[in-house]
Amino acid sequence: MDLPVINSISGEVAEGGGCASHSCGSTDDQLGHLPEHIRAKVHNHPCYSEQAHHYFARMHVAVAPACNIQCHYCNRKYDCSNESRPGVVSEVLTPEQAVKKVMAVAANIPQMTVLGIAGPGDPLANPERTFATFRELSEKAPDIKLCVSTNGLALPESVEELSKHNIDHVTITINCVDPDVGAQIYPWVFWKNKRIMGREGAAILIEQQQRGLEMLTERGILVKVNSVMIPGVNDKHLAEVSKVVKSKGAFLHNVMPLIAEPEHGTFYGLMGQPSPTPEELQELQDACSGDMNMMRHCRQCRADAVGLLGEDRGLEFTMDKIEDMEIDYPAAMVKRAKVHAQIAQELEQKEQDRQFQAQAKAALAALQGDVPLTRPVLMAVSTKGGGVINEHFGHAHEFLVYEASPVGVRFIGHRKTTPYCEGGSSCGDGESALDETLRVLKGCEVVLSAKIGFEPWAPLEAAGIQPNGEHAMEPIEEAIAAVYEEMRATGKLDEKPELKQKVA
């Protein structure tokens, strides 16, 4: 029997599919139960909607250098173009420079919908710079969504000012609701002109975060909560965080893996704190998804990121290049509106196709009996965006990972890697990069790409990962569903994956 593709907006599979939105755990299929006015706010927000991130771009401007807390996982770096993680920037901008950059990017990347201030420090610890940027953008670029990400310490005193601008999305990083856990994450907070250490400081931070969250939701501002998963510190505690923030009105929870490589210079990195494995992260996200809408497509972007999630076009828009650009923003707004309308039409058609497919397959399932209880399978996909398989295996900087099962296809997350082939006539010099990719793809049984060269084919098969280049330019979920059905029909789902996987 064919595999149903879960409706990416409603999460519904007709009777016989057996998947409710809260059990599926992906982002968009968990938004289906939300009121229409909320879904309307996030449908083109790439940081809030898993579907939107394939089509719409975002940018961050780094106008907030100061921070009012210290986190063991954070090391803010300036003038750094070689790292992709929060707190890293190449340029700290004045509000005037930030506004000019936003208008230049929006004029040149018509898919852009969102401007966020996320650092490199805390935006609300730099209120003058942050709100000066927002005030001017509200006037000059009214078609851009404005967002802010904060640790929440200064949030309650900033809520009124936030509500005055075109800001209806706020992200709060909440790693704990227990001060004893917080004391292991935050060595200090700077509160009322004093540095307050340990548990006392963590308790103040938690209280401010929860109060600010309640104040935002009371005013109808959407709140996403970010949490960093730190094995042995808060990993067992984050399910409780999900319950608490949901009860206070947050609508989306983004559990991110700790980045703790020693070369980043963070306390955790230097002390050897491990990052979670992809399997550990997925297990925790699944555990939290029963209580909270779960975001799984976060890229943990730089504080000056530009472009689609998963790409960074910041070097195209440095201030020296922007100075030479002529920007006709009214004309750019017209062009952007047309592009957005075209995307919306495409997404609407895809949604209608998904609904028809789900209904047809559900009807077939009703005729044939219950969905067979075959095991789930993880599949990796290389894509440049657009929701289709359109990237060469050797050019991929990351792979999107999906789980196929008898009840549908759901997005699990992304895994970064070093491209095996940078585009030469031969990719035979990429053995070390291929080894890294094999490790990154651990647990996946299939990798789907627009094209896969000869050299990596045998190592992938030897690692228990079946290369598949037969679905180029096809929609991702449909291709995965088709491959899963092929595996079922040929008896490959009867094999135990642990016997196939050989990657250490």
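Here the structure is a predicted model, which is why all the values come from computation and not from measurement. (Residues numbered from 1 in each chain as written. Predicted model: local features only at pLDDT ≥ 70, side-chain atom pairs only at ≥ 80, totals over all residues. Heavy atoms only, no water.)

Visitor: It is not clear to me how the sheet that holds strand E2 (residues 69-70) should be interpreted in this structure. Could you clarify?
Guide: Strand pairing in a sheet relies on backbone hydrogen bonds. The paired strands run either parallel or antiparallel. In spatial order, the strands read E2-E6-E7; together these three strands make up an open sheet with antiparallel pairing. Each edge of the open sheet carries a strand with a single partner, namely E2 and strand E7 (194-197). Where E2 lies against strand E6 (residues 188-191), two bridges are found, and the strand directions are antiparallel. Looking at the pairing, Gln70 lines up with Trp188 of E6. On top of the sheet, helix H7 (residues 198-218) reaches E2, E6 and E7; it is set at about 105° to E7, its chief contact. (Pairing = 2+ DSSP bridges. Helix = DSSP H or I, 4+ residues; strand = E, 2+ residues; numbered from the N terminus. Contact = heavy atoms within 4.5 Å. Axes fitted to C-alpha atoms, helices over the stretch in contact; angles between N-to-C directions.)

Visitor: Hey, could you run me through the sheet that holds strand E14 (residues 408-416) in this one?
Guide: Taken in spatial order, the five strands make up an open sheet running E14-E13-E12-E15-E16, and their pairing is mixed. The two strands at the open ends of the sheet, each matched to only one other strand, are E14 and strand E16 (466-468). Direction aside, neighbouring strands of the sheet carry axes that sit 25° apart on average. As paired strands, strand E12 (residues 377-381) and strand E13 (residues 398-405) are joined by five bridges and run antiparallel to one another. Along E13, the bridge assignment pairs Met379 with Tyr402. On the sheet, helix H10 (residues 278-289) packs against E12, E13 and E14 and is oriented at approximately 135° with respect to E14. Lying on the sheet, helix H14 (residues 454-462) is in contact with strand E15 (446-448) and E16; it crosses E16 at an angle near 140°.

Visitor: For this particular structure, what's the right way to read the environment of Arg129?
Guide: Checked against the element boundaries, Arg129 lands in helix H4 (residues 127-140). According to the relative accessible area criterion, Arg129 is partly exposed, its value standing at 28%. Through-space distance from the C-alpha of Arg129 to that of Leu93 is 9.4 Å; in sequence the pair is 36 residues apart. In contact with Arg129, not counting residues within four places along its chain, are Val63, Pro65, Val92, Leu93, Thr94 and Pro95. Engagement of the side chain of Arg129 in a polar contact is seen with the backbone oxygen of Val63, the distance being 2.5 Å. (Buried < 20%, exposed > 50% of the residue type's maximum accessible area, 1.4 Å probe, protein only. Polar contact = N/O pair within 3.5 Å; in protein donor to acceptor, adjacent residues only side chain to side chain.)

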